[in-house]
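# Inside the fold
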Amino acid sequence: MRATVIHAPHDIRVEEVPDPRVQEPTDVVVRVLRACICGSDLWAYRGESARQPGQRIGHEFLGVVEEAGSRVAGFTPGDLVVAPFVWSDGTCEYCAEGLHTSCPRGGFWGSVGSDGGQGEAVRVPFADGTLVKLPAAAVSDDRLLTGLLALSDVLGTGHHAAVGAGVRRGSTVAVVGDGAVGLCGVLAARRLGAERIIALGRHRARTDIAKTFGATDIVAERGEAAVEAVRELTGGQGAHAVIEAVGTEQSMRTAVGITRDGGAIGYVGVPHGSGTGLDLSVLFDRNIALRGGVAPVRAYIPQLLPDVLDGTVDPSPVFDATVGLDGVPGGYRAMDERTALKVLVKP
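What comes next concerns the included structure. (Residues numbered from 1 in each chain as written. Predicted model: local features only at pLDDT ≥ 70, side-chain atom pairs only at ≥ 80, totals over all residues. Heavy atoms only, no water.)

## Comments concerning the overall build of the protein
Along its length, the protein carries twelve helices and 18 strands. Computed over C-alpha atoms, the radius of gyration of the protein comes to 20 Å, within 12% of the 20 Å expected from 2.2 N^0.38 for 347 residues, which places it in the range of a compact globule. Viewed in the frame of its principal axes, the protein has a C-alpha envelope of about 60 × 40 × 35 Å. A burial count over the protein gives 56% of its 347 residues as buried. (Helix = DSSP H or I, 4+ residues; strand = E, 2+ residues; numbered from the N terminus. Rg over C-alpha atoms; globule rule 2.2 N^0.38 Å. Buried < 20%, exposed > 50% of the residue type's maximum accessible area, 1.4 Å probe, protein only.)

## So, the sheet that holds strand β14 (residues 239-244)
Reading across from one edge, β13-β12-β11-β14-β15-β16 is the order of the six strands in this open sheet, with parallel pairing throughout. Taken across any chain shown, the strands that pair with only one partner, and hence form the sheet edges, are β13 (217-219) and β16 (289-292). If you compare each strand with its neighbour and ignore which way they point, the axes differ by 20° on average. Bridging between strand β12 (residues 196-200) and β13 involves three bridges; their strand directions are parallel. Residue pairing for β13: L200 is matched across the bridge by V219. Running over the sheet, helix α6 (residues 180-191) touches β11 (172-176), β12 and β14 and is turned about 175° from β12. (Pairing = 2+ DSSP bridges. Axes fitted to C-alpha atoms, helices over the stretch in contact; angles between N-to-C directions. Contact = heavy atoms within 4.5 Å.)

## What about the layout of surface pockets?
As a volume, the second largest pocket reaches approximately 230 Å³. Taken together, 13 residues form the lining of the second largest pocket, with Q23, G113, S114, D115 and R123 sitting closest to its centre. Its residues placed into classes, the lining of the second largest pocket shows five nonpolar, three polar and five charged. (1 Å grid on protein atoms, 1.4 Å probe; cavity = no way out; pocket = protein on both sides within 12 Å on 5 of 7 lines; lining within 4 Å. Points joined across faces, edges and corners; volume = space filled by probe spheres on them. Nonpolar A, V, L, I, M, F, W, Y, C, P; charged D, E, K, R; others polar.)

## Some thoughts on the packing of helix α8 (residues 223-233) against helix α9 (residues 249-257)
Axis separation between α8 and α9 bottoms out at 9 Å; the angle between their running directions is 25°. When the axis of α8 is compared with that of α9, the two are roughly parallel. Both α8 and α9 take part in a crossing whose hand is right-handed. Contacts from G223, A226, V227 and R231 of α8 reach α9 at Q250, T254 and G257. (Parallel < 35°, antiparallel > 145°, perpendicular 65-115°, else oblique. Left-handed = near helix turned anticlockwise from the far one by under 90°.)

## Digging into empty space enclosed by the protein
Scanning the entire structure with this criterion turns up three cavities of 30 Å³ or more. The computed volume of the largest cavity comes to approximately 40 Å³. Surrounding the largest cavity, V175, G177, D178, G182, L183, V186, A199, L200, G201, T207 and A210 form its lining. Elements supplying a minimum of two residues to the lining of the largest cavity: α6, β12 and α7 (204-213). Of the residues forming the lining of the largest cavity, the biggest block, three residues, is contributed by α6. Broken down by class, the residue content of the lining of the largest cavity amounts to six nonpolar, four polar and one charged.

## What to know about α8
Of the positions making up α8, those classed as buried are G223, A226, V227, A229 and V230. Take α8 and look down its axis: the buried residues cluster within an arc of 165°, on one side only. Facing away from the buried side of α8, by more than 90 degrees, are the exposed residues E224, E228 and E232. Against β12, β13 and α9 lie the buried residues of α8. One or two residues past the end of α8 sits G235, with phi positive at roughly 65°. (Arc of directions from axis to C-beta.)

## Describing the packing of aromatic side chains
Per the counting criterion, the structure on display carries four aromatic pairs. Pairing F61 with W109 gives two aromatic rings, centres 5.2 Å apart and planes at 75°, and the pair type is edge-to-face. Of this pair, F61 sits in strand β5 (residues 61-68) while W109 sits in the loop between β8 (107-108) and β9 (121-124), placing them 48 residues apart in sequence. Take F61 and W109: they sit in the same class, and that class is buried. Among the aromatic residues, those joined into a cluster by ring pairs are F61, W87 and W109. (Phe/Tyr/Trp six-rings, centres within 6.5 Å; stacked < 30°, edge-to-face > 60°.)

## Considerations on unusual backbone geometry
Not every positive phi belongs to a glycine, and H10 is a case in point at roughly 65°. Tracing the chain through its elements places H10 in the loop between β1 (2-8) and β2 (11-16). Judged by its relative accessible area of 47%, H10 falls in the partly exposed class. Even without being glycine, N287 reaches a positive phi, approximately 55°. Tracing the chain through its elements places N287 in the loop between α10 (280-285) and β16.

## Brief notes about the packing of helix α5 (residues 154-164) against α6
The N-to-C vectors of α5 and α6 enclose an angle of 60°; their axes lie 7 Å apart at closest approach. Regarding the angle of α5 to α6, the classification is oblique. Considering the relative orientation of α5 and α6, their crossing is right-handed. Packed against α5, whose contacting residues are V154, L155, T157, G158, H159 and A162, the element α6 presents A180, V181, C184, G185, L187, A188, A189 and R191 at the interface. The residue makeup of the contact of α5 with α6, split by class, is nine nonpolar, four polar and one charged.

Printed below as a string of structure tokens:
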């Protein structure tokens, strides 16, 4: 089959690789119908996260079960399924607690020795603990299918940030980051009942999506100017709940600066220098809570799926460009150059 591999920074290729096959009785093979490029993939693309030459890449996909192992109970060939960005056995204590990302037998798509999502097919370990079945009729609804793909990562990650930040009905929320995760954080905050949502972003196309998703205010400034703008909007206090969806020093400093005393920051930006923006004495003095981390999206998919299916939540606008498998290298360039927000891949 054909799949996307990374050879070096800025060197993404689509190559012939061995076809996936059932290796364990708990495996299935999924034929990929939709995949995408994640903002976190860009860290590897830019050389800021190490990868081995020829390593697979991509961790978001949905598709149809082609083959199932003898001990797979919940899926049969022909089932439409979505995969969270981490596989998990579904039976350990962490999985039972909803922290599938800490499953001792789990792993990330695209890690060494595993298939990546940006290819024609994927071997899925522990299928019963990992995959979630989708209605078969969704295959014929392109917009719905695209929205369902967001369940594999960005929608659940935005929700994780909102939960970590303590978003609740009537709260004021600020979102740092206008990427796909930040925009899904806006969507999640609205779903959880936030009364006011302040989105920080400078790119008109993205802030327009933020408004569609429920943002009530847009702050285009950065750094100290952004902190001042948010505080002016909130009577000098800041936001009850802040979503940090970037992962840099500046984004974390901004998040701390715009949080109301007694509030909380939900952080889901992959950390690249964000720790240097943390002064624990400030968090201590102002009673600011910090919660977040890698999102256990497998725990959130059953909660979010009904709202996506009935249209209450529609994350599909975060996908603003579409490519076939051959177009994936160009998709990476477009996202790296910020001419695309999030690229959808149709193998």
